[in-house]
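# Commentary on secondary and tertiary structure
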Amino acid sequence: MTTLCLRYGRTAKILHWTIVGLLAVQYPIGWLMPDVHRGQAPGAPMTFHVSIGIAILALIVVRFVWRLTHPVAPETSLVAWQRLSSEVVHWMLYISVLATTLTGWLFASFRGWSLKLFYLVSLPMLASDNAAAGKAIDGLHQAAEWSLLALIGIHLAAALAHIFVYRDRVMQRMLPG
Ligand code: HEM
Ligand code: HEM
């Protein structure tokens, strides 16, 4: 049986902030890494982009399962619209991380690449080499990554509003201690 907790536990906090840290590295790598051309093997920046991306995918799945098995009650000071909107944004964050990582994985698959995660274990591919599908999925990866960034912006703005405008304890719920 699962019980409703009043605050986030250590595991939820570690998972939340690890994913934040990995995303903070992942976006600059994505933007700065050289464009890939057909027939070209992925270089080190792409290998790290894919490896970190798959790590984010694994962590968001663990985090989601953890959330389902360790539900946390909303902060009592929140009014109805804030409860609803935070719930919607949190769900959309999970969905966007899934969409971004899965479209990236499909893109790498359609390119027919074979690469090792962090140069250690081979990444299984989701599909075989397919140039037309690769073109289509490239646009989706970009759309997903920008939607995720927009949601993170909304989520961060809400956190700042709780600190500086509402001055309640919402931010404290996700901080260590
Ligand atoms: C949440 C995690 C991820 C984020 C935030 C992210 C972000 C990005 C960004 C910012 C770019 C540059 C695209 C542009 O020029 O606008 C990019 C490209 C790319 N990403 Fe990701 N990515 C993620 C996960 C993944 C994963 C898991 C894979 C593969 C397994 C992947 C594969 C690729 C590939 C192949 C490209 C190159 C696309 C191209 O050349 O146009 N990404 N990603
Ligand atoms: C940019 C800095 C960030 C700050 C300051 C921040 C802050 C917070 C805070 C204070 C909460 C608790 C809200 C509540 O109790 O209702 C929370 C929850 C959450 N955050 Fe963030 N966050 C940040 C980035 C991110 C990012 C990048 C993601 C993307 C995956 C994310 C995903 C979530 C999710 C899904 C929840 C809901 C927790 C649950 O699963 O129950 N956060 N965040």
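Residues numbered from 1 in each chain as written. Chains lettered and ligands numbered in written order. Predicted model: local features only at pLDDT ≥ 70, side-chain atom pairs only at ≥ 80, totals over all residues. Heavy atoms only, no water.

## Re the site of ligand 2
Among the 19 residues in the neighbourhood of ligand 2, the closest are listed as His16, Arg67, Tyr94, His155 and Arg173. Side-chain polar atom of Arg63 to an oxygen atom of ligand 2: 3.4 Å apart, as the coordinates give it. Within the contact set of ligand 2, an oxygen atom lies 3.0 Å away from a side-chain nitrogen or oxygen of Arg67. Those elements that provide at least two residues to the shell around ligand 2 are helix H1 (10-32), helix H2 (44-69), helix H3 (80-110), helix H4 (131-166) and helix H5 (170-174). Of the residues that constitute the shell around ligand 2, the class distribution is 13 nonpolar, three polar and three charged. (Near = heavy atom within 4 Å. Polar contact = N/O pair within 3.5 Å; in protein donor to acceptor, adjacent residues only side chain to side chain. Helix = DSSP H or I, 4+ residues; strand = E, 2+ residues; numbered from the N terminus. Nonpolar A, V, L, I, M, F, W, Y, C, P; charged D, E, K, R; others polar.)

## Remarks on the side chain of Asp168
Structurally, Asp168 can be placed in the loop between H4 and H5. Buried and unpaired, Asp168 has Arg173 as its nearest opposite-charge partner, separated by 8.2 Å. One polar contact links Asp168 to His162, side chain to side chain, over a distance of 2.9 Å. Among the polar contacts listed, one links the side chain of Asp168 to the backbone nitrogen of Val170, at a separation of 3.3 Å. (Buried < 20%, exposed > 50% of the residue type's maximum accessible area, 1.4 Å probe, protein only. Lys, Arg positive; Asp, Glu negative; His and termini not counted. Salt bridge = Lys/Arg side-chain N within 4 Å of Asp/Glu carboxyl O.)

## Examining the coordination of the iron atom of ligand 2
Around the iron atom of ligand 2, the protein supplies His16 (NE2) and His155 (NE2) as donor atoms, at distances of 2.0 Å. Taken together, the six donor atoms coordinating the iron atom of ligand 2 span angles of 86 to 179° at the metal, a pattern that classifies the geometry as octahedral. Separated by 139 residues along the polypeptide, His16 in helix H1 and His155 in helix H4 bring together distant segments of the chain. According to the relative accessible area criterion, His155 is partly exposed, its value standing at 27%. (Donors = N, O, S within 2.8 Å, 3.2 Å for Na, K, Ca; no water. Tetrahedral: all angles 85-135°; square planar, octahedral: opposite > 155°, others 65-115°.)

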